[in-house]
Amino acid sequence: MAARTASQVSVARGVRRSFGDTVVLDGVDLTIGAGEVVALLGGSGSGKSTLLRILAGLDGEATGSVTTTGSTAVVFQEHRLLPWKRVAANVALGVRGGSLRERVDAALTEVGLADRRDAWPAELSGGQAQRVAFARALVREPDLLLLDEPFGALDALTRLRMQVLFGRLRATHGFAALFVTHDVDEALLLADRVLVLDGGRIAEDRPVTLPQPRAVDAPGFGAERRVLLGLLNVPASPS
Amino acid sequence: MTALLDRPVLVKPARPVVSRRRWLRAVTPLVLLAAWEGGVRGGLLDPDKLPAPSTVIATGWRLALEGTLGEYLLDSVQRAVLGLLIGGLLGLALGTLAGLVRLGDDLVDPTVQMARMLPHLGLVPLLIIWVGIGESLKVTLVALGAFFPIYLNTFSGIRNIDERLVEAARTCGLTALERVRHVVVPGALPSLFLGVRLAFAAGWLSLVVGEQVNGQGGLGFMMMEAREFSQTDVVVLGLVAYALLGLLSDLLLRLGERRLLAWRHGLRAR
């Protein structure tokens, strides 16, 4: 089924990237629809992050075509806040237009950190800093949010809270998102569609049809999880 | 090993230790000063070789009232400021060029790194031939002394900026110029401050050497003239004045640092 062009926020065709003799991406085709959350799964070194950086326009040496319509924002695995700017100034970085202060405060309120607007990044916990990074992305009102293992550096409990927060933000703003992860559970909890990157290509393009709200102990979750782990060449159970 | 086992575990609160240590710091200089004064008064030290601290203070007071001390001090400070400005701005400009632009790096850095190996105070004879023994000699020496630390630290400050932060700024839609303003400049600032501190030290040293080469006015001139007349107290006074100027410049720098690098102090406070 061909999706209508107007509803696509990002289209990549034949994306190739090699580092020296190593071909990491060997002709990747990818489409992200408006408001669609896509998880990009793949083993370590499969080129997930490389692909995300290409979509973000951060890789000048890739070949192929990438078309992005509307605005994009990126959240990295590390918060990447400027240590010499207070939280509010970090969120406002590069944002144009009027009523900046109100928009920054609104974004910080959404991630639950309105009272930390004048703190230095060094004074925040890892989870708080990552929430500020989310606020920095949100304030740009992106049509497409690119997330590179956004919860990867957080502890297990914080990660669960952040996944809930992500779900809420997505419901409010309706942005499309591509998030790179190696966590199958996370992909199944948050995504509408899962892509598996293997051998430099999209090896699997699989819609997630589990009903909302999703939970790891809901029926059908385990079966879907086993399928994805199989695609990632992970044995379903240790034997 | 018993030596390791015997070591007590440190669980004492840190604050009282710090304040007591700060007080302890003043003890050694004060004792030395008292010993110096006592040594001269007790006849152990020849006042012609080393006058007592009280004599030096009295001489300083007398020269200050006469106005000569202030005049010489101003001469020296003027030379230092002018030299630091010229050398510092040049170092800043070339360091920024080499740090930010690949072509600038290729054209500037190897040459500067080679020139750095030349001890600039050894250039005095050559500089005398080039610019004479007047004001330009002193200012040139200070500028040379200040140039290298500022250049080197500007360059390394820019180069050591976390590439990931620059990348994040790019995804936030910052133009190249905005990235320089919001990421490169503040990121290089701690290193630049270190450069300025080293430049101050090198600048004062160059000034001391430069002012001893003939010329008129300045603390060095005051000291050389006093030596002719065996006024040891004035010679020592000149040394004290140099030291105080160095101390004062360092203090000003620390103040600036505290204001501009507040985000780092926030880091340390926790």
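Residues numbered from 1 in each chain as written. Chains lettered and ligands numbered in written order. Predicted model: local features only at pLDDT ≥ 70, side-chain atom pairs only at ≥ 80, totals over all residues. Heavy atoms only, no water.

1. Considerations on the overall build of chain A
Right, on to step 1. The secondary structure content of chain A amounts to seven helices and nine strands.
Right, on to step 2. Its C-alpha atoms give chain A a radius of gyration of 18 Å, near enough to 18 Å, the size a compact globule of 239 residues would have.
Right, on to step 3. Considering only C-alpha atoms, chain A reaches an extent of 50 × 40 × 35 Å along its principal axes.
Right, on to step 4. Out of the 239 residues in chain A, the part that is buried amounts to 48%. (Helix = DSSP H or I, 4+ residues; strand = E, 2+ residues; numbered from the N terminus. Rg over C-alpha atoms; globule rule 2.2 N^0.38 Å. Buried < 20%, exposed > 50% of the residue type's maximum accessible area, 1.4 Å probe, protein only.)

2. Here's the deal with the overall build of chain B
Right, on to step 1. Across its full length, chain B holds 13 helices and zero strands.
Right, on to step 2. Helices and strands in chain B line up, N terminus first, as α-α-α-α-α-α-α-α-α-α-α-α-α.
Right, on to step 3. In summary, chain B has a C-alpha radius of gyration of 24 Å against a globular reference of 18 Å for 270 residues, an excess of more than 25%.
Right, on to step 4. Taken over the C-alpha atoms alone, chain B extends approximately 75 × 65 × 40 Å along its principal axes.
Right, on to step 5. For chain B, buried positions account for 39% of its 270 residues.
Right, on to step 6. Across chain B, the fraction of contacts at a sequence separation of at least 24, relative to all contacts at a separation of at least 6, is 72%.
Right, on to step 7. In chain B, the 27 positive side-chain charges and the 21 negative ones have mean positions that sit 12 Å from each other. (Contact = heavy atoms within 4.5 Å. Lys, Arg positive; Asp, Glu negative; His and termini not counted. Charge placed at Lys NZ, Arg CZ, Asp CG, Glu CD.)

3. Some thoughts on the sheet that holds strand E4 (residues 63–68) of chain A
Residue and element names in this part refer to chain A.
Right, on to step 1. Across the sheet, three strands lie side by side as E2-E1-E4; this open sheet has antiparallel pairing. At either end of the open sheet lies a strand with only one pairing partner, and these are strand E2 (22–33) and E4. With strand direction ignored, the average angle separating the axes of adjacent strands in the sheet is 10°.
Right, on to step 2. Inspection of the sheet shows strand E1 (residues 8–19) paired to E4 by five bridges, in the antiparallel sense. (Pairing = 2+ DSSP bridges. Axes fitted to C-alpha atoms, helices over the stretch in contact; angles between N-to-C directions.)

4. Topic: unusual backbone geometry
Right, on to step 1. Positive phi outside glycine occurs at Arg80 of chain A, with the angle close to 55°.
Right, on to step 2. Relative to the assigned elements, Arg80 of chain A resides in the loop between strand E5 (72–75) and helix H2 (87–92).
Right, on to step 3. Its identity is not glycine, yet Ser230 of chain B carries a phi of approximately 55°, on the positive side.
Right, on to step 4. Mapped onto the elements, Ser230 of chain B comes out in the loop between helix H11 (219–228) and helix H12 (232–260).
Right, on to step 5. A relative accessible area of 59% places Ser230 of chain B in the exposed class.

5. Examining the interface of chain B and chain A
Interface size, as often reported, equals the accessible area lost upon joining of the parts.
Right, on to step 1. The interface of chain B with chain A comprises 21 residues on the first partner and 20 residues on the second.
Right, on to step 2. Area buried by chain B at its contact with chain A is led by Thr171, Cys172 and Trp263 of chain B, which between them contribute 31% of it.
Right, on to step 3. Scanning the region where chain B abuts chain A turns up nine residue pairs in polar contact (both at pLDDT 80 or more).
Right, on to step 4. For the side of chain B that touches chain A, the secondary-structure elements that each account for two or more residues are helix H9 (163–171), helix H10 (176–211) and helix H13 (262–269) of chain B.
Right, on to step 5. Looking at which element gives the most residues to the side of chain B that touches chain A, the answer is H9 of chain B, with seven residues. (Buried area = accessible area lost by both parts, 1.4 Å probe. Polar contact = N/O pair within 3.5 Å; in protein donor to acceptor, adjacent residues only side chain to side chain.)

6. Some words on the pairing of strand E3 (residues 37–42) of chain A
Residues and elements named next belong to chain A.
Right, on to step 1. Summarising burial for E3: six of the six residues are buried, a large majority.
Right, on to step 2. In the sheet, E3 pairs with strand E7 (residues 176–181) via five bridges, with the strands oriented parallel. Bridging from a neighbouring strand, Leu40 pairs with Val180 of E7.
Right, on to step 3. Bridge count between E3 and strand E8 (residues 193–198): five bridges; the pairing is parallel. In the sheet register, Gly42 faces E8, and the bridge partner there is Leu197.

7. A closer look at the environment of Pro235 of chain A
Residues and elements named next belong to chain A.
Right, on to step 1. Within the fold, Pro235 resides in the segment after helix H7 (221–231).
Right, on to step 2. Taking the relative accessible area as the measure of exposure, Pro235 reaches 62% and is therefore exposed.
Right, on to step 3. With 34 residues separating them along the chain, Pro235 and Arg201 place their C-alpha atoms 22 Å apart.

8. Topic: the UniProt feature "domain: ABC transporter" (unreviewed entry) in chain A
Right, on to step 1. Here the UniProt feature "domain: ABC transporter" (unreviewed entry) sits at residues 9–224 of chain A.
Right, on to step 2. This span, residues 9–224 of chain A, is 31% helix and 29% strand, and a straight line between its end C-alpha atoms measures 27 Å. (UniProt positions renumbered as here; feature names shortened; annotations may be inferred.)

9. Notes on the side chain of Arg79 of chain B
Right, on to step 1. If you trace the backbone, Arg79 of chain B turns up in helix H5 (residues 68–100).
Right, on to step 2. Given a relative accessible area of 2%, Arg79 of chain B falls into the buried group.

10. Things to note about the packing of aromatic side chains
Right, on to step 1. On inspection of all chains with the given rule, the structure shows ten aromatic pairs over all chains.
Right, on to step 2. Ring geometry for Phe166 of chain A and Phe179 of chain A: centres 5.9 Å apart, planes at 65°, overall edge-to-face. Taken as a pair, Phe166 of chain A in helix H5 (residues 156–173) and Phe179 of chain A in strand E7 lie far apart in primary sequence, 13 residues in all. Across this residue pair, the class does not change: Phe166 of chain A and Phe179 of chain A are buried.
Right, on to step 3. Note on Tyr72 of chain B and Phe221 of chain B: the rings are 5.9 Å apart at their centroids and 75° apart in plane angle, and the pair reads as edge-to-face. (Phe/Tyr/Trp six-rings, centres within 6.5 Å; stacked < 30°, edge-to-face > 60°.)

11. Topic: the environment of Phe148 of chain B
All names here are of chain B.
Right, on to step 1. Checked against the element boundaries, Phe148 lands in helix H8 (residues 135–159).
Right, on to step 2. Spatially, the C-alpha atoms of Phe148 and Thr55 are 39 Å apart, while their sequence positions differ by 93 residues.
Right, on to step 3. Those residues in contact with Phe148 that sit more than four places away from it in its chain are Val112, Ala115 and Arg116.

12. Some remarks on the UniProt feature "transmembrane region" (unreviewed entry) in chain B
Right, on to step 1. In the UniProt entry, the feature "transmembrane region" (unreviewed entry) is given for residues 80–103, 115–133, 139–158, 188–209 and 229–253 of chain B.
Right, on to step 2. Taken end to end, residues 188–209 of chain B is 100% helix and 0% strand, and its first and last C-alpha atoms sit 31 Å apart.

13. Quick look at the UniProt feature "domain: ABC transmembrane type-1" (unreviewed entry) in chain B
Right, on to step 1. If you check UniProt for "domain: ABC transmembrane type-1" (unreviewed entry), the listed places come out as residues 73–253 of chain B in our numbering.
Right, on to step 2. The straight-line gap between the two end C-alpha atoms of residues 73–253 of chain B is 20 Å; of that span, 85% is helix and 0% is strand.

14. Structural notes on H8 of chain B
Right, on to step 1. The terminal C-alpha atoms of H8 of chain B lie 36 Å apart, and with 25 residues this matches the ideal 36 Å at 1.5 Å per residue to within 8%.
Right, on to step 2. With 18 of its 25 residues buried, H8 of chain B lies for the most part within the structure. (Expected span 1.5 Å × (residues − 1).)

15. What to know about the pattern of salt bridges
Where side chains of opposite charge bring their charged atoms close, a pairing between them can arise.
Right, on to step 1. Using the criterion set out here, one finds 26 salt bridges over all chains in the structure.
Right, on to step 2. For the salt bridge of Arg80 of chain A with Glu78 of chain A, the shortest nitrogen-to-oxygen distance reads 2.7 Å.
Right, on to step 3. On the basis of relative accessible area, Arg80 of chain A is assigned to the buried category, the value being 10%.
Right, on to step 4. Across the pair Arg79 of chain B and Glu211 of chain B runs a salt bridge whose closest N-O atoms are separated by 2.6 Å. Of this pair, Arg79 of chain B sits in helix H5 while Glu211 of chain B is found in helix H10, placing the two residues 132 residues apart along the sequence. (Salt bridge = Lys/Arg side-chain N within 4 Å of Asp/Glu carboxyl O.)

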